[in-house]
Amino acid sequence: MSGVSLVLRSTRVITPEGTRAASIAVDGGRVEAVLPYGAEVPAGARLVDAGDDAVLPGLVDTHVHVNDPGRAEWEGFRTATRAAAAGGITTLLDMPLNSLPPTTTVAHLRTKQEVARTRAHVDVGFWGGAIPGNTEDLRPLYDAGVFGFKCFLSPSGVEEFPELDQEQLGRSLAEIAGFGGLLIVHAEDPGELAAAPRRGGPAYADFLASRPRAAENAAIESLIEWAKRLGARVHVLHLSSSDALPLIAAAKREGVRITVESCPHFLTLTAEEVPDGATEFKCCPPIREAANRDALWQGLADGTIDCVVSDHSPCTPDLKSPDFAVAWGGISSLQLGLPAIWTAARDRGHSLEDVARWMSSGPAALAGLSRKGAIEAGRDADFVVLAPDETFTVDPAALHHRNRVTAYAGKRLYGVVRSTWLRGDRIVHDGVFAEPSGRLLGRND
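Just so we're clear, the structure is a prediction, and the values are computed from it rather than from any experiment.

K.L.:
Would you take a moment to explain helix α4 (residues 166-178) for this structure?
P.N.:
Quick reminder: α-helices carry 3.6 residues per turn. Residues three or four places apart thus point the same way. End to end, α4 covers 18 Å across 13 residues, agreeing with the expected 18 Å (1.5 Å per residue, within 8%). The set of residues buried in α4 consists of Leu169, Gly170, Ser172, Leu173 and Ile176. By the N-cap criterion, in which a side-chain oxygen at the helix start approaches the backbone nitrogen of a residue two or three places on, α4 is capped by Asp165, the distance to Glu167 being 3.2 Å. At the C-terminal side of α4, Gly180 shows a positive phi close to 80 degrees.

Following this line, the structure appears as structure tokens:
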């Protein structure tokens, strides 16, 4: 214990063994030990007492669209990671599209890394992209450190990142399975989408009808069959349709290597509350009805859903026109995911231990981030200090992502983030930020 530089103490420390009063000893940016609450502070160590505020492992968000470079007017590494830090997120993985260039070659990955290197307030890693024609780029990207590969089964919304048809999906997945990689999938079936009614305008009901549950269900069913056939590891992104939960649960029981995530907006918002023209609520797949939301919570509680991540997908305000057919689809929630989920979770009888599992250890396990996701010896000293019983009302002016459009404006949420710590350094405290100190992460780090 001679090298311990920090002891963070609280009556409520969320550990893999449960919640307890404890003192966390930090040495060299790692957790040295989780000690009894009243343990003696080693000589020379700084003591920070969080009182009755809860100390959770720093959140891990594996689904973030930073859009930098190329569309930095939508978002950027400096602003996205500030918002992440303010929301208790200490590690994020950047999606391969909506930036220019997309992360579909090693050269493109290096471009993105150079942009992020000096701007990140939190640790940042990268997904690669699987698109038509880049099968030969997948292994080099994997060797260069991407955590896996994202693909779309329906149009992505940007021309530089086309979707895979079934033949291309099989080819890419076979290549990725051959070197033990992970494919993460935007699963909506293009045939089901083409058959759905399409009407423009401000009516949310019309938009919802254009993205039916059947599109998700069919795509997930085909993905399960491919994973079975190839022995591949696959992950379903941003699950919205609760109808797919029995398919996924059955596949897991059969030993199919499939995991699934959902997002705060699907677990806390409902179609019934979306006003016409309020395209800040637009995302694809869409926010569905209250009964669907309740079924997703059951899937989260029983473990069918493995983790909760943001799918932070911002844009400039002009792209959120009141016509749901043409407005950009994406919800910005980096800073608000923790309080949004905690508010809903506490009402349903869940604990902060559950939240830490869904939003920290679960995403860390998905990406293979063995040093993240838990408060225990040997892990990075990444923490969020949360006042779980305090409330605040969401004010867009207080958000740190670049364009402060939010579906949560005016909502009263539980859980105030007091401070966020990265490898034993406090990177934000009561709204005051330290200089960027995040590191770029690779799959083998």
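Moving on from the coordinates now.
K.L.:
What exactly am I supposed to notice about the side chain of Ser240 here?
P.N.:
Residue placement: Ser240 occurs in the loop between β12 (233-236) and α8 (245-253). When neighbours within four sequence positions are excluded, Ser240 is seen to be in contact with Glu216, Phe266, Pro285, Pro286, Arg288, Asn292 and Leu296.

K.L.:
Sorry if this is basic, but what is going on with the packing of helix α3 (residues 135-143) against α4 here?
P.N.:
Think of two packed helices as two axes; the pair is described by the angle between the axes and how far apart they sit. The contact between α3 and α4 brings their axes to 9 Å, and the two run at 30 degrees. As the angle between them shows, α3 and α4 are arranged roughly parallel. The two elements α3 and α4 cross, and the hand of that crossing is right-handed. Contacts from Thr135, Leu138 and Arg139 of α3 reach α4 at Arg171, Ser172, Glu175 and Ile176. Looking at side-chain class alone, the contact of α3 with α4 contains 2 nonpolar, 2 polar and 3 charged residues.

K.L.:
Got a minute to help me understand the sheet that holds strand β6 (residues 59-64) in this structure?
P.N.:
The strands making up a sheet are joined through hydrogen bonds of the backbone, oriented either antiparallel or parallel. Taken in spatial order, the 3 strands of this open sheet run β6-β7-β8, and their pairing is parallel. The outermost strands of the open sheet, each flanked by one partner alone, are β6 and β8 (123-126). When strand polarity is set aside, the average angle formed by the axes of neighbouring strands in this sheet is 20 degrees. Of the strands in this sheet, β7 (89-94) and β8 are in contact with helix α1 (residues 77-86), which crosses β7 at around 140 degrees.

K.L.:
Help me understand the pattern of salt bridges, please; the structure alone is not making it clear to me.
P.N.:
Per the stated rule, a full pass over the model turns up 28 salt bridges. Here Asp53 ties to Arg418 by a salt bridge, and the two come within 3.0 Å at their closest N and O atoms. Of this pair, Asp53 sits in the loop between β4 (46-49) and β5 (54-57) while Arg418 is found in strand β16 (residues 412-422), placing the two residues 365 residues apart along the sequence. Two residues, Asp354 and Arg357, come together in a salt bridge whose shortest N-O distance is 3.1 Å. Of the two residues, Asp354 and Arg357 both sit in helix α12 (residues 352-367), 3 residues apart, roughly one turn of that helix.

K.L.:
Sorry if this is basic, but what is going on with the packing of aromatic side chains here?
P.N.:
When we look at a pair of aromatic rings, we describe it by the centre distance and by the angle of the planes. Tallying each qualifying case throughout the model produces 10 aromatic pairs. With a centroid separation of 6.1 Å and an interplanar angle of 70 degrees, the aromatic rings of Phe149 and Phe179 are classed as edge-to-face. With Phe149 in strand β10 (residues 149-152) and Phe179 in the loop between α4 and β11 (182-186), this pair connects stretches of sequence that are 30 residues apart. By the burial criterion, Phe149 is buried, and Phe179 matches it. Arg9 extends its terminal NZ or CZ atom over the ring of Tyr37, reaching a point 5.4 Å from the ring centre. Positioned above the aromatic ring of Trp74, the side-chain terminus of Arg71 is 5.3 Å from the ring centre.

How each quantity is defined
Residues numbered from 1 in each chain as written. Predicted model: local features only at pLDDT ≥ 70, side-chain atom pairs only at ≥ 80, totals over all residues. Heavy atoms only, no water. Helix = DSSP H or I, 4+ residues; strand = E, 2+ residues; numbered from the N terminus. Expected span 1.5 Å × (residues − 1). Buried < 20%, exposed > 50% of the residue type's maximum accessible area, 1.4 Å probe, protein only. Polar contact = N/O pair within 3.5 Å; in protein donor to acceptor, adjacent residues only side chain to side chain. Contact = heavy atoms within 4.5 Å. Axes fitted to C-alpha atoms, helices over the stretch in contact; angles between N-to-C directions. Parallel < 35°, antiparallel > 145°, perpendicular 65-115°, else oblique. Left-handed = near helix turned anticlockwise from the far one by under 90°. Nonpolar A, V, L, I, M, F, W, Y, C, P; charged D, E, K, R; others polar. Pairing = 2+ DSSP bridges. Salt bridge = Lys/Arg side-chain N within 4 Å of Asp/Glu carboxyl O. Phe/Tyr/Trp six-rings, centres within 6.5 Å; stacked < 30°, edge-to-face > 60°. Lys NZ or Arg CZ within 6 Å of the ring centre and 35° of its normal.

Remember that the coordinates give geometry; whether it matters functionally is a separate question.
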